[in-house]
Amino acid sequence: MEVQVPAKQRRLRRLRCSVQNYDWGRLGSESTVARLFSSNSEAEVQLDKPYAEFWMGTHGSGPSFLIEEGESRTLKSWISDNPNVLGDKVFEKWGSDLPFLFKVLSVAKALSIQAHPDKELARTLYKLQPHVYKDDNHKPEMALALTEFQALCGFVSLEGKFVVAMRDASLRISV
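Residues numbered from 1 in each chain as written. Predicted model: local features only at pLDDT ≥ 70, side-chain atom pairs only at ≥ 80, totals over all residues. Heavy atoms only, no water.

Describing the overall build of the chain
Phase 1: The secondary structure content of the chain amounts to 5 helices and 10 strands.
Phase 2: Residues counted as buried form 25% of the 175 residues belonging to the chain.
Phase 3: Of the contacts formed within the chain by residues at least 6 apart in sequence, a portion of 53% connects residues at least 24 apart. (Helix = DSSP H or I, 4+ residues; strand = E, 2+ residues; numbered from the N terminus. Buried < 20%, exposed > 50% of the residue type's maximum accessible area, 1.4 Å probe, protein only. Contact = heavy atoms within 4.5 Å.)

Topic: the confidence of the model for the chain
Phase 1: Residues of the chain with pLDDT of at least 70 account for 81%, and the chain-wide mean is 81.
Phase 2: Residue range residues 162–175 is modelled with pLDDT below 50. Its contacts to residues more than four positions away, or to other chains, number 38 contacts. (pLDDT = per-residue confidence, 0-100.)

Some details on the sheet that holds strand S2 (residues 18–20)
Phase 1: If you trace the 3 strands from one edge of the open sheet to the other, you get S2-S5-S8, paired in antiparallel fashion. If you trace the sheet from one side to the other, it starts and ends with S2 and strand S8 (102–105), each paired once. Within this sheet the neighbouring strands show an average axis-to-axis angle of 25 degrees, counted without direction.
Phase 2: For strand S5 (residues 53–56) and S8, the ladder comprises 4 bridges, and the chain directions are antiparallel. Following the sheet pairing, methionine 56 is matched in S8 by phenylalanine 102.
Phase 3: Along the sheet, helix H2 (residues 32–41) contacts S2, S5 and S8; its crossing angle with S5, the most-contacted strand, is approximately 45 degrees. (Pairing = 2+ DSSP bridges. Axes fitted to C-alpha atoms, helices over the stretch in contact; angles between N-to-C directions.)

Regarding H2
Phase 1: Listed as buried for H2 are Thr32, Val33, Ala34, Phe37 and Asn40.
Phase 2: Packing partners of the buried residues in H2 comprise strand S1 (14–16), S2, strand S4 (50–51), S5 and S8.
Phase 3: Phi turns positive, to about 65 degrees, at glutamate 42, one or two residues after H2.

Focus on the packing of aromatic side chains
Phase 1: Taken as a whole and assessed by the stated rule, the structure comprises 1 aromatic pair.
Phase 2: Their ring planes at 35 degrees and their centres at 5.7 Å tell us that tyrosine 22 and tryptophan 24 sit as a pair that is tilted.
Phase 3: Taking relative accessible area as the criterion, tyrosine 22 reaches 32% and is therefore assigned partly exposed.
Phase 4: Judged by relative accessible area, tryptophan 24 falls into the buried class, the value being 14%. (Phe/Tyr/Trp six-rings, centres within 6.5 Å; stacked < 30°, edge-to-face > 60°.)

Let's talk about the pattern of salt bridges
Phase 1: Applying the stated criterion across every chain, the model contains 6 salt bridges.
Phase 2: The salt bridge involving glutamate 68 is made with arginine 11; its shortest N-O contact spans 3.0 Å. In this pair, glutamate 68 sits in strand S6 (residues 65–68) while arginine 11 sits in the loop between helix H1 (7–10) and S1, placing the two residues 57 residues apart along the sequence.
Phase 3: For lysine 119, the salt bridge identified is with aspartate 136, shortest N-O distance 3.8 Å. On the criterion of sequence distance, the pair formed by lysine 119 in helix H5 (residues 119–128) and aspartate 136 in the loop between H5 and strand S9 (149–158) is long-range, its members being 17 residues apart.
Phase 4: A relative accessible area of 17% means that lysine 119 is categorised as buried. (Salt bridge = Lys/Arg side-chain N within 4 Å of Asp/Glu carboxyl O.)

Some remarks on the pairing of S6
On any regular strand, side chains alternate: one points to one face of the sheet, the next to the other face.
Phase 1: Strand direction decides the pairing type here: S1 and S6, joined by 3 bridges, are antiparallel. Of the residues in S6, the one forming a bridge with leucine 15 is leucine 66.
Phase 2: Here 4 bridges tie S6 to strand S7 (residues 71–74), and the two strands are oriented antiparallel to one another. Opposite isoleucine 67, over in S7, you have serine 72 as the bridge partner.
Phase 3: Count of turn residues in the S6/S7 antiparallel hairpin: 2 residues, of which glutamate 69 carries a positive phi of about 45 degrees.

Let's talk about the sheet that holds S1
Across a sheet, paired strands are connected by hydrogen bonds in the backbone, their directions being either parallel or antiparallel.
Phase 1: Read from one edge to the other, the open sheet built from 3 strands follows the order S1-S6-S7, with strand pairing classed as antiparallel. For this open sheet the edge positions go to S1 and S7, each flanked by a neighbour on one side alone. Strand-to-strand, the axes of this sheet are offset by a mean angle of 35 degrees, without reference to chain direction.

In C-alpha coordinates form, the structure reads like this:
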(Lines give C-alpha, C1' and ligand atoms only; values in the text may rest on other atoms or scores of the structure.)
Protein backbone atom coordinates (compact mmCIF):
# COMPACT_ATOMS: atom_id res chain seq x y z
CA MET A 1 0.00 0.00 0.00
CA GLU A 2 1.42 3.37 -1.03
CA VAL A 3 1.25 6.16 1.56
CA GLN A 4 -0.25 9.41 0.29
CA VAL A 5 1.65 12.44 1.55
CA PRO A 6 -0.05 15.83 1.12
CA ALA A 7 1.81 18.25 -1.19
CA LYS A 8 2.38 20.64 1.74
CA GLN A 9 4.40 17.93 3.53
CA ARG A 10 6.42 16.90 0.44
CA ARG A 11 8.40 20.13 0.22
CA LEU A 12 11.94 20.37 1.56
CA ARG A 13 12.32 21.60 5.12
CA ARG A 14 15.16 23.56 6.66
CA LEU A 15 16.86 21.92 9.63
CA ARG A 16 19.09 23.52 12.22
CA CYS A 17 21.42 20.73 13.22
CA SER A 18 23.53 20.06 16.30
CA VAL A 19 27.26 19.92 16.83
CA GLN A 20 29.34 17.85 19.24
CA ASN A 21 32.57 19.38 20.50
CA TYR A 22 34.54 16.30 21.54
CA ASP A 23 38.24 16.86 22.23
CA TRP A 24 39.28 14.71 19.26
CA GLY A 25 37.62 17.10 16.80
CA ARG A 26 39.48 19.58 14.61
CA LEU A 27 39.78 23.11 15.89
CA GLY A 28 37.24 25.54 14.48
CA SER A 29 39.84 27.24 12.31
CA GLU A 30 40.48 23.93 10.45
CA SER A 31 37.18 22.08 10.82
CA THR A 32 34.70 21.20 8.08
CA VAL A 33 32.17 20.49 10.84
CA ALA A 34 32.64 24.02 12.21
CA ARG A 35 32.03 25.50 8.75
CA LEU A 36 28.91 23.36 8.21
CA PHE A 37 27.56 24.22 11.65
CA SER A 38 28.21 27.92 11.19
CA SER A 39 26.50 28.09 7.79
CA ASN A 40 23.62 25.96 9.09
CA SER A 41 23.02 27.78 12.38
CA GLU A 42 24.55 31.19 11.64
CA ALA A 43 26.62 30.72 14.81
CA GLU A 44 30.11 32.15 14.94
CA VAL A 45 32.90 29.58 14.85
CA GLN A 46 35.10 29.55 17.92
CA LEU A 47 38.52 29.15 16.34
CA ASP A 48 40.19 27.46 19.34
CA LYS A 49 37.32 25.04 20.12
CA PRO A 50 37.21 21.47 18.74
CA TYR A 51 34.30 20.65 16.40
CA ALA A 52 33.99 16.87 16.11
CA GLU A 53 30.54 15.88 14.83
CA PHE A 54 27.69 17.60 12.98
CA TRP A 55 24.46 15.69 13.73
CA MET A 56 21.26 15.50 11.68
CA GLY A 57 18.46 13.50 13.25
CA THR A 58 16.22 12.92 16.24
CA HIS A 59 18.78 11.80 18.86
CA GLY A 60 18.05 13.39 22.23
CA SER A 61 21.70 14.35 22.84
CA GLY A 62 21.79 16.52 19.71
CA PRO A 63 18.42 16.88 18.02
CA SER A 64 17.79 18.69 14.77
CA PHE A 65 15.21 21.46 14.73
CA LEU A 66 12.78 22.25 11.94
CA ILE A 67 12.87 25.97 11.10
CA GLU A 68 9.61 27.27 9.67
CA GLU A 69 8.22 30.78 9.53
CA GLY A 70 10.33 31.98 12.44
CA GLU A 71 9.38 29.01 14.61
CA SER A 72 11.60 26.20 15.78
CA ARG A 73 10.57 22.72 16.88
CA THR A 74 12.39 19.43 17.10
CA LEU A 75 12.40 17.19 14.06
CA LYS A 76 11.14 14.40 16.32
CA SER A 77 8.13 16.50 17.36
CA TRP A 78 7.35 17.37 13.74
CA ILE A 79 7.57 13.70 12.67
CA SER A 80 5.28 12.79 15.57
CA ASP A 81 2.67 15.23 14.21
CA ASN A 82 3.28 14.09 10.59
CA PRO A 83 3.92 10.32 10.82
CA ASN A 84 3.00 9.70 7.19
CA VAL A 85 6.29 11.32 6.06
CA LEU A 86 8.12 8.18 7.20
CA GLY A 87 5.59 5.68 5.91
CA ASP A 88 3.58 3.21 7.95
CA LYS A 89 6.22 0.49 8.32
CA VAL A 90 8.98 2.84 9.48
CA PHE A 91 6.69 4.72 11.88
CA GLU A 92 5.28 1.47 13.33
CA LYS A 93 8.77 0.16 14.02
CA TRP A 94 10.61 3.33 15.07
CA GLY A 95 7.91 5.84 16.07
CA SER A 96 9.00 9.44 15.61
CA ASP A 97 12.68 8.52 15.98
CA LEU A 98 14.62 8.21 12.76
CA PRO A 99 16.27 4.77 12.45
CA PHE A 100 19.63 6.45 11.78
CA LEU A 101 21.73 9.41 12.90
CA PHE A 102 23.51 11.17 10.05
CA LYS A 103 26.87 12.57 11.15
CA VAL A 104 29.68 14.51 9.55
CA LEU A 105 32.96 14.03 11.43
CA SER A 106 35.99 16.27 11.59
CA VAL A 107 38.76 14.20 13.18
CA ALA A 108 42.05 15.60 14.47
CA LYS A 109 43.10 12.72 16.75
CA ALA A 110 42.79 8.96 16.57
CA LEU A 111 39.48 7.71 17.91
CA SER A 112 39.12 4.79 20.27
CA ILE A 113 37.90 1.50 18.89
CA GLN A 114 34.13 1.34 19.07
CA ALA A 115 32.18 -1.90 19.29
CA HIS A 116 28.43 -1.37 19.02
CA PRO A 117 25.85 -3.93 20.15
CA ASP A 118 23.07 -5.22 17.92
CA LYS A 119 19.53 -3.89 18.48
CA GLU A 120 18.48 -6.57 20.98
CA LEU A 121 21.58 -6.18 23.14
CA ALA A 122 21.37 -2.37 22.90
CA ARG A 123 17.84 -2.47 24.39
CA THR A 124 19.01 -4.70 27.24
CA LEU A 125 22.11 -2.61 28.03
CA TYR A 126 20.11 0.63 27.97
CA LYS A 127 17.60 -0.83 30.48
CA LEU A 128 20.42 -2.02 32.74
CA GLN A 129 22.72 1.03 32.50
CA PRO A 130 21.03 4.09 30.96
CA HIS A 131 23.78 6.33 32.37
CA VAL A 132 26.33 4.48 30.22
CA TYR A 133 24.18 3.51 27.20
CA LYS A 134 22.44 6.74 26.18
CA ASP A 135 19.77 5.10 24.02
CA ASP A 136 18.43 1.68 23.10
CA ASN A 137 19.52 1.71 19.46
CA HIS A 138 22.13 -0.31 17.66
CA LYS A 139 24.64 1.78 15.75
CA PRO A 140 25.22 0.52 12.22
CA GLU A 141 27.78 2.78 10.60
CA MET A 142 28.90 3.73 7.12
CA ALA A 143 31.78 6.09 6.37
CA LEU A 144 32.33 8.32 3.35
CA ALA A 145 35.50 10.39 3.52
CA LEU A 146 35.13 14.00 2.39
CA THR A 147 38.85 14.65 2.89
CA GLU A 148 41.88 12.39 3.23
CA PHE A 149 41.16 9.94 6.04
CA GLN A 150 42.66 6.73 7.37
CA ALA A 151 40.47 4.26 9.25
CA LEU A 152 40.29 0.73 10.57
CA CYS A 153 37.64 -1.11 8.64
CA GLY A 154 37.33 -4.37 10.53
CA PHE A 155 38.77 -7.26 12.43
CA VAL A 156 39.13 -10.75 11.06
CA SER A 157 39.99 -13.84 13.09
CA LEU A 158 42.91 -15.61 11.43
CA GLU A 159 43.86 -18.85 13.21
CA GLY A 160 42.97 -17.46 16.62
CA LYS A 161 44.77 -14.16 16.03
CA PHE A 162 43.15 -10.86 15.15
CA VAL A 163 44.29 -8.96 12.11
CA VAL A 164 43.41 -5.32 11.57
CA ALA A 165 42.61 -4.19 8.04
CA MET A 166 43.56 -0.63 7.08
CA ARG A 167 42.18 1.46 4.24
CA ASP A 168 43.14 4.88 2.95
CA ALA A 169 40.31 7.05 1.71
CA SER A 170 41.24 9.73 -0.75
CA LEU A 171 37.93 11.06 -2.06
CA ARG A 172 37.99 14.85 -1.85
CA ILE A 173 34.86 16.99 -1.83
CA SER A 174 34.92 20.73 -1.11
CA VAL A 175 32.55 21.96 1.59
